[in-house]
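Results of the structural survey
Here is how the chains run, residue by residue.
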Amino acid sequence: MCMSDYLDVLWATWPAAKETRVGVWTIRAGRGGGKRVSAATATAPATATDLAQAEQAMRALDQEPLFMIRAQDATLDALLQDNGYKIIDPVTVYAAPLSELTTQRPPAIAAFTLWEPLEIMKEIWAGEGIGPSRLAVMARVTGPKASILGRIQNRAAGAAFTAIHENTAMVHAMVVENAYRRQGTAINMMREAAFWAQDQGATELAVVVTDDNADARALYASLNMQPVGHYHYRKKQC
């Protein structure tokens, strides 16, 4: 798979409320679901006139102009920089064949997949700012999907979401409560996601992580997940 394929998985498994073609742009209505569902992307080379059109379209949605920059967007990247847009949240996509993660099952009662999420999972997500708007993103997914509950010391300790597009499952909204980090909960949750995806007929697991999240990047590397691509966002800073 190439990076564009992984981005297709990203948008299918964490979808915007609405996508609209405006000139050379795909404009996404995020409705509070985060950058992944709010950032505009270019479908062709963009000019300063095109940039103004995108800005107008996003403001019409009550969204601050935000752009995703992929490897093929170097000219757009420069245009945005010249117009006062700063880089935010560089992101790396990690992926691995499911066979790398299904070498052993998590311990009994350490992780479960289910749909819909339990109230305790919503509370765990809320503690990290993942509230109703992002839960609405999960609800919009039309393909196979599951929430993942992580447990340790006889209590709920983590929550995540996964869904499948084509043959790839992607994990989103991975959260482990502070008091239970570095105790294997996230590893158990990722392995549980992999076994669930395998049961659905998928062959690969992917995840996106901001480059400044060293702990998460170390986690995915420990599971033999490899970097397969990068992107970043640009936004004007006040």
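Details of the structure are given in the entry above.
Description of the structure in this document. Position numbers for residues count from 1 along each chain, tracking the sequence in the order it is written. Predicted model: local features are reported for residues with pLDDT of at least 70 only, side-chain atom pairs are reported and counted for 80 or more only, and whole-chain, interface and lining totals are derived from all residues. Water and hydrogen atoms were dropped before computing side-chain values, which therefore reflect all heavy atoms in the structure.

A closer look at the overall build of the chain
To be explicit about the condition: Put simply, DSSP marks the helices as runs of H or I at least four residues long and the strands as runs of E at least two long, and each gets a number from the N terminus on. Radius of gyration: C-alpha atoms only; globule rule: 2.2 Å multiplied by the number of residues to the exponent 0.38. Each residue is placed in one exposure class: buried if its accessible area under a 1.4 Å probe, protein chains only, is under 20% of its type's maximum, exposed if it is over 50%, and partly exposed if it falls in between.
The secondary structure content of the chain amounts to 7 helices and 11 strands. Relative to its length of 238 residues, the chain is compact, with a C-alpha radius of gyration of 18 Å against a globular reference of 18 Å. Taking the principal axes of its C-alpha atoms as reference, the chain extends roughly 60 × 35 × 30 Å. Counting only residues that meet the buried cut, the chain has 50% of its 238 residues in that class.

Considering the pattern of salt bridges
Spelled out, the test is: Salt bridge, as used here, is a side-chain nitrogen of Lys or Arg placed within 4 Å of a carboxyl oxygen of Asp or Glu.
Applying the stated rule across the entire model yields 9 salt bridges. The closest approach of N and O atoms between E177 and R155, which form a salt bridge, is 2.9 Å. Residue E177 is located in the loop between β9 (168-176) and α6 (185-199), and its partner R155 is located in strand β8 (residues 155-165); the two are separated by 22 residues in the primary sequence. On the basis of relative accessibility, which here comes to 25%, the residue E177 falls in the partly exposed class. The class for R155 is partly exposed, based on a relative accessible area of 33%.

Focus: the nonpolar core
This is how the line gets drawn: Put simply, a nonpolar core is a bunch of buried Ala, Val, Leu, Ile, Met, Phe, Trp, Tyr and Cys residues held in one set by side-chain atoms that sit within 4.5 Å of each other. We call two residues in contact whenever any of their non-hydrogen atoms come within 4.5 Å of each other.
The biggest cluster of nonpolar side chains holds 30 residues, and the ones touching the most others in it are L101, V171, M190, A197, L205, Y220 and M225. At 7 residues, α6 tops the list of elements feeding residues into this core. In contact with M190, other than residues within four places in its own chain, are L101, V171, M174, L205, Y220, L223 and M225. Core analysis: the next-biggest nonpolar cluster, separate from the first, contains 18 residues, L10, L66, I88 and V91 among them.

Description of the packing of aromatic side chains
The condition that has to hold: For this analysis, a ring pair means two rings from Phe, Tyr or Trp (six-membered ring only for Trp) whose centres lie within 6.5 Å, classed as stacked if their planes differ by under 30 degrees, edge-to-face if by over 60, and tilted for the remaining angles. By definition, being over a ring means that NZ of Lys or CZ of Arg is both within 6 Å of the ring centre and within 35 degrees of the ring normal.
Tallying each qualifying case throughout the model produces 6 aromatic pairs. Considering the side-chain rings of F67 and Y85, the 5.5 Å spacing of their centres and the 80 degrees angle between planes classify their relative orientation as edge-to-face. In this pair, F67 is assigned in strand β4 (residues 67-69) and Y85 in strand β5 (residues 85-97), connecting sequence segments 18 residues apart. We classify F67 as buried; its relative accessible area is 0%. Stacked on the ring of W11, the Lys or Arg R28 has its end atom at 4.0 Å from the ring centre. Here the guanidinium or amino end of R105 rests over the ring plane of F195, the centre of that ring lying 4.0 Å away.

Some words on the sheet that holds strand β11 (residues 226-236)
Formally: At least two DSSP bridges between two strands are needed for those strands to be called paired. Angular values range over 0 to 180 degrees, each being the angle between N-to-C directions of two axes fitted as lines to C-alpha atoms, with helices fitted over their stretch in contact.
Taken together, the 8 strands give an open sheet; going across it, the order is β4-β11-β5-β10-β9-β8-β7-β6, and neighbouring strands pair in mixed fashion. With partners counted over all chains shown, the strands left at the sheet margins are β4 and β6 (111-114), one partner each. In this sheet, adjacent strand axes meet at a mean angle of 30 degrees when their direction is disregarded. Note that β9 and strand β10 (residues 204-210) share 4 bridges and pair parallel. Directly across from V171, in β10, lies its bridge partner V207.

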